[in-house]
Structures are given as C-alpha cells and as structure tokens.
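Here are the chains, one letter per residue:
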Amino acid sequence: MSASFGKSIVVTLFGESHAKYIGATIDGLPANIEIDHNFIASQLAKRRGKGNLTTSRIENDEYEFISGVKNGKTNGNPLTVLIKNENYNDEEYPLDIARPSHGDYTNYLVNKENGERIGGGYYSGRLTAPIVVLGAIAISVLKNKNITIISKIDDKTLELVKEAKSNNDSLGAKVVTVVKNFIPGVGGAFFDTLEGNLANAIFAIPGVKGVSFGLGFDYELSLGSKVNDEFALKDNKIAFTSNNCGGINGGYSNGDDIAINTIFKPTPSIGKMQKCLDLKTKKVIDYQINGRHDACIAIRGQVVVDSVVALVLIDALKNKYGEEFLK
C-alpha cells in the first residue's frame, strides 16, 4: 500500500476516520509561499458541505501546521498539517459487519482483525480533509500563474439527489473539472503522462469509479473526421477548433483547457436494508446501516478533485521548470 503520490512534490496521507487526528505531509514546496488561511477555511467549508444532502457529521476541521511554516509562509522544509477528529461515534459502526460496496471486506482480507476499520478507517473520505488543506496551497500557487481550476455538478443531478435522499437512497454523479490557462508542453510520455498522473490521484479519492478527459468514453464509435481537434490561429496564436482531447496530447498539455470528467459512485451506506457479510460467521445477513452519510459523494467531492488536480499540476510544473518557477 502506498500512502504517497507525486515526484518532486510528494504528498503523504495518514490517520483514520475515527482516530484522534488525521493529517498529511507535503515535501518539496519551495520557501516563501504565503499561507492563505481564509482561503483554506473556505475550501474546507466546501468539503464539509451543507444542507440535508450531505453528511450530518460536522467537524470543525481545526487544522495546525506543525512543521514547514514560519511567519505565515512555507519555509522550504516538509510541511505537515494535523486536523483533529472530534465528532465521531464508534458505536455507529459494528466491526464485524462488512457493508456492500465498501472497503470493509477487502480490508479484512488484507489485514484480518488487525485492520483499523471503525467507519471507513484509513479508506474513509474523512481523510480528504488534509488533502483539501494542501490543495488550497497548491491552488493559490497556480492562481499566481493565472491558472484556475473549476469543478461543478449539473443542477439537474442535484434535483435527482434530493429525490434519492427522500427514498433513503443515494445517487452517483459526474464532476466536470476545467483547468484554464495551463502552460503547454508539461507532462510526459507513456507511464508518466499528465493524464495518467491526474487520473492516479483522482482515483485515490474514495468513491471515484471513473476518470476521463475531453470526450473520454464518448470517443467510442466516433469518426476521426468529426472529433479531431484541428489547428487554428486565433490572434496569431496556435489554437484548436475543438477540445475533444481535453487539453492533453501525447501525455503533454497542449495549451487548451484541461477538461476532466470524474464519476463518483452512489454512497454505499443508505437507509435501506441490505445484504451484508458477518465477518465472524461468514454468513450473509440482512442489515440496515446506521451512521451519517451523504446522499451524493460528488457534492463534497468537487473540492477534493480540485485539490488533487492542483497538487498534481504544481508537481508537473516543478518537474519541468524547477522550484523557482513556483515562487
């Protein structure tokens, strides 16, 4: 199991959903990057969500930088953030019941009774909170380069989520992410493509089951004559007549918007009776899952996608241009 991603900027995640603390360390950030606490707080608020479509487990997300920050700026050393868990109830999650479409059963196969599996344990979406903190720093670095990241869910999907919630059910959804003004020629070939590194990080977000770029799976049965991104000149600059490739060709950014589609599965914990597995008896039982859960993971997942995308992009920029470029 790997708890880290990145090459020259490495992020390592630690903690469990019901542990005292969760956190992350980022190694490779240059010194003198300003820490915008207001922006970090706003990003964490997006991840917490609001209204009756997201979990009623509300954490204050009080964070503390225990290394890597001095006088409000990064100091060039590994930066570690801690976030305290406060609002959790172990009794909501019986240890011996494996829930459908969760990581409970596979975690048991790997770790047996030694695995920490209260709630989602290490596999919980709760661990995306420190990712959002580090992602906010990365987003600020990109903004200084006029590079922006915006994710959204279709409004029609949100209406369907409300309907699913009223029926004690959940709904899957697509998050559409657009990165604007990213520098062309950044990435790599074969096993180090910009697409591959982005997809690897996005797939680490709990609940993600699909990632594509541009037309993605809609390329199936498409004619090249209809979907090729032909060249054009706009204001004497190289451009394209379309962006079906999602801003990436041959593993490198091409200067157009990077367009990413992320599919989140429905929240597997729902208020209906389901067939679960008793890990002690190895028998299938009828069981109604308790706890506090989202009607749609993607709602709070949008900001997490933004965060991991930003972290991958600053890593790619540092790989190509060096540390000074990010300052």
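Structure: see above.
Now for a look at the structure at hand. All residue numbers refer to positions counted from 1 along the written sequence of the respective chain. Given that the model is predicted, a residue must reach a pLDDT of at least 70 before its local features are reported, and side-chain atom pairs must reach 80 or more before they are shown or counted; all residues, however, enter totals for whole chains, interfaces and linings. Side-chain metrics rest on all non-hydrogen atoms present in the structure, leaving aside hydrogens and water.

Numbering goes from the N terminus for both helices and strands, where a helix is a DSSP run of H or I of at least four residues and a strand is a run of E of at least two. Counting its secondary structure elements, the chain contains seven helices and 18 strands. C-alpha atoms define the radius of gyration in this analysis, and the globule rule sets the expected value at 2.2 Å times the number of residues to the power 0.38. A globule of 327 residues ought to have a C-alpha radius of gyration of about 20 Å, and the chain, at 21 Å, matches this closely. Partly exposed describes any residue whose relative accessible area lies between the buried limit of under 20% and the exposed limit of over 50%, with all areas from a 1.4 Å probe on protein chains only and scaled to the type maximum. In the chain, buried positions account for 47% of the 327 residues. As displayed, the chain has an accessible area near 16600 Å², and 51% of this comes from carbon and sulfur atoms. The convention is simple: Lys and Arg are positive, Asp and Glu are negative, and His and the chain ends are not counted. The atoms used to mark charge sites are NZ of Lys, CZ of Arg, CG of Asp and CD of Glu. For the chain, the distance from the average site of its 37 positive side-chain charges to the average site of its 37 negative ones is 1 Å. The protein chains shown are the only cover counted for residues, whose accessible areas, like all others here, come from Shrake-Rupley with a 1.4 Å probe.

Turning our eyes to something else, we now look at helix α4 (residues 155-166). Its 12 residues give α4 an end-to-end C-alpha distance of 17 Å, which sits within 8% of 16 Å, the value for a rise of 1.5 Å per residue. Looking at α4, one finds that the buried residues are Thr157, Val161 and Ala164. The arc that holds the buried residues of α4, viewed along the axis, is 65°, so those residues lie on one side. Exposed and oriented more than 90 degrees from the buried face of α4 are Asp155, Lys156 and Ser166. You can read the cap of α4 off the contacts: a side-chain oxygen lies 2.7 Å from the backbone nitrogen of Lys156, and it is on Asp154. Following α4 by one or two positions, Asn168 adopts a phi angle in the positive range, close to 55°. Multiplying 1.5 Å by the helix residue count minus one yields the expected span of that helix. Think of the arc as the fan of directions from the helix axis to the C-beta atoms. N or O atoms closer than or at 3.5 Å make up a polar contact, with two conditions inside protein: a donor-capable atom paired with an acceptor-capable one, and, for residues adjacent in sequence, both atoms drawn from side chains.

Attention shifts here to a nonpolar patch on the surface. Residues enter a patch when their relative accessible area is above 30% and they make no salt bridge; the linking distance is 9 Å between like charges and 5 Å between nonpolar side chains (Val, Leu, Ile, Met, Phe, Trp, Tyr). A side-chain nitrogen of Lys or Arg and a carboxyl oxygen of Asp or Glu constitute a salt bridge if their distance falls within 4 Å. On the surface, Tyr105, Leu109 and Val110 cluster together to form a nonpolar patch covering roughly 300 Å² of accessible area. On the secondary structure map, Tyr105 appears in helix α2 (residues 104-111).

Next up on the list: the side chain of Asp229. Structurally, the position occupied by Asp229 is in the loop between α6 (224-227) and β12 (231-234). For the buried Asp229, no salt bridge is present, and the opposite-charge side chain at shortest range is Lys234, 11 Å distant. Within the local environment of Asp229, its side chain forms a polar contact with the backbone nitrogen of Asn243, the two atoms lying 3.4 Å apart. Looking at Asp229, its side chain comes within polar contact range of the main-chain nitrogen of Cys245, at 2.9 Å. If sequence neighbours within four positions are ignored, Asp229 has contacts with Phe240, Thr241, Ser242, Asn243, Asn244 and Cys245. Whether two residues are in contact is decided by their heavy atoms: any pair within 4.5 Å suffices.

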